[in-house]
Structures are given as structure tokens and as C-alpha cells.
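Structural characterization, general
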Amino acid sequence: MNPKDTLFFAEMYSLVKKMEETIEDFDMKERTLASIVIGVIDHEAIESDTGHAEIKTMYSFNLESREELEALKQVMDGAYKDDDDDIDLDGLLGDLGISLN
């Protein structure tokens, strides 16, 4: 990674740590489902076997079970919207027993 990428990654790391600390500070660990994955494409480090760039990643989870992970994945999948998609987020969240109100 180049120096700019490294600085960006370091800043993102500090923000992820702040998120984790905030969850703890507010005593919300038992009530918060959180998952964040950040990937930085490193075009300079092309894998010789595949010809693809490497992705440097960091992640943080505040989950207690695979079931909670699957619930978050469903929310993420439903919230991700392609130009051609017309997903009803309220309906998806309601199906999971979650309300934005």
C-alpha cells in the first residue's frame, strides 16, 4: 500500500475503535448488533497467479451468534440497492421484527 492508503487505513481503524468504545461506553454491547468490514484495494500488489489486486481488510463485529450475523447479512443484502433494484427496506426490516421508528 502507498503512504496515502496507509494513512487512510489508520484513520478508518481509529473510527472503528471509536465505534467499539461508544458501544461499550453506553453499555449497549448486549443490545447492539454491529458489523463493519472495510477493504482497500491495493492495485500495486497484484497477485502473480491470478492477476488480481489484493484487498487489505479490517473488520469489527459485535455479534453473539451466527444467527445475529445472518440477520445483519439479510439487512445488508436488502439495503444494498442496485440501480435496477426497487427494494422495500421497511418491509424487509419489518419481516425481521425491526422498526426504524
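A few points on the structure. (Residues numbered from 1 in each chain as written. Predicted model: local features only at pLDDT ≥ 70, side-chain atom pairs only at ≥ 80, totals over all residues. Heavy atoms only, no water.)

1. Structural notes on the overall build of the protein
Under the convention used in this document: Each helix corresponds to a stretch of at least 4 residues labelled H or I by DSSP, and each strand to a stretch of at least 2 residues labelled E; elements are numbered beginning at the N terminus. Relative accessibility thresholds used throughout: buried, under 20% of the residue-type maximum; exposed, over 50%; partly exposed, between the two (1.4 Å probe, protein chains only). The contact rule is simple, with two residues in contact once any of their heavy atoms fall within 4.5 Å. Every accessible area reported is derived by Shrake-Rupley at a probe size of 1.4 Å, with residue values counting cover from the shown protein chains alone.
Per the secondary structure count, the protein includes three helices and two strands. Taken from N to C terminus, the helices and strands of the protein fall in the order α-β-β-α-α. Looking at the protein as a whole, 18% of its 101 residues are labelled buried. Taking as baseline every contact in the protein between residues at least 6 positions apart, the subset at least 24 positions apart corresponds to 43%. Counting only carbon and sulfur atoms, one obtains 52% of the accessible surface of the protein, whose full area is about 8,200 Å².

2. Some words on the nonpolar core
Just so we agree on the cut-off: By nonpolar core is meant a set of buried Ala, Val, Leu, Ile, Met, Phe, Trp, Tyr and Cys residues that side-chain atoms within 4.5 Å join together.
In this structure, Phe9, Met12, Val16, Ile38, Val40 and Met58 together form the largest nonpolar core, which totals six residues. Contributions of two or more residues to this core are made by α1 (3-25) and β1 (34-46). When residues of this core are assigned to their parent elements, the largest contribution, three residues, is made by α1. What Met58 contacts, discounting residues up to four positions off in sequence, is Phe9, Met12, Tyr13, Val16, Ile36, Val37 and Ile38.

3. Some thoughts on α1
Quick note on the threshold: To estimate how far a helix should extend, the number of its residues minus one is multiplied by 1.5 Å. Pairs of N or O atoms within 3.5 Å make up the polar contacts considered here, provided that, within protein, one atom can donate a hydrogen while the other can accept it, and that residues adjacent in sequence are counted only when both atoms are side-chain atoms.
Between its first and last C-alpha atoms α1 spans 33 Å; for 23 residues at 1.5 Å apiece the expected length is 33 Å, and the two agree. Among all positions in α1, only Asp5, Phe9, Met12, Val16 and Ile23 are buried. A side-chain oxygen of the first residue of α1 lies 3.0 Å from the backbone nitrogen of Lys4; this N-cap is Asn2. The first or second residue beyond α1 is Asp27, which carries a positive phi of 55 degrees.

4. Quick word on the pattern of salt bridges
Put simply, the test is: Just to be clear on terms, a salt bridge is a Lys or Arg side-chain nitrogen sitting within 4 Å of an Asp or Glu carboxyl oxygen.
What the rule picks out here adds up to four salt bridges. The residue Lys29 makes a salt bridge to Glu24 at a minimum N-O spacing of 3.8 Å. On the accessibility criterion, Lys29 (40% relative accessible area) is partly exposed. Under the relative-accessibility criterion, Glu24 is labelled partly exposed at 46%.

5. A look at the packing of aromatic side chains
How we decide: Ring pairs are drawn from Phe, Tyr and Trp, using the six-membered ring of Trp, whenever the two centres fall within 6.5 Å, and their geometry is named by plane angle: stacked under 30 degrees, edge-to-face over 60, tilted for the rest.
Counted by the stated rule, this structure contains one aromatic pair. With centroids separated by 5.5 Å and ring planes inclined at 45 degrees, the aromatic side chains of Tyr59 and Phe61 adopt a geometry described as tilted. In this structure Phe61 comes out as partly exposed when scored by relative accessible area, which is 45%.

6. Regarding a nonpolar patch on the surface
Inclusion rule: Patch members must show over 30% relative accessible area and no salt bridge, and they are joined within 9 Å when carrying like charges or within 5 Å when they are nonpolar side chains of Val, Leu, Ile, Met, Phe, Trp or Tyr.
Residues Val37, Tyr59 and Phe61 make up a contiguous nonpolar surface patch of about 360 Å² in total accessible area. With respect to the helices and strands, the residue Tyr59 is situated in strand β2 (residues 53-62).

7. A word on the environment of Glu70
With respect to the helices, strands and loops of the structure, Glu70 is situated in helix α2 (residues 66-79). Residue classification places Glu70 among the partly exposed residues on the basis of a relative accessible area of 32%. A polar contact is formed between the side chain of Glu70 and the side chain of Lys73, at a distance of 3.2 Å.

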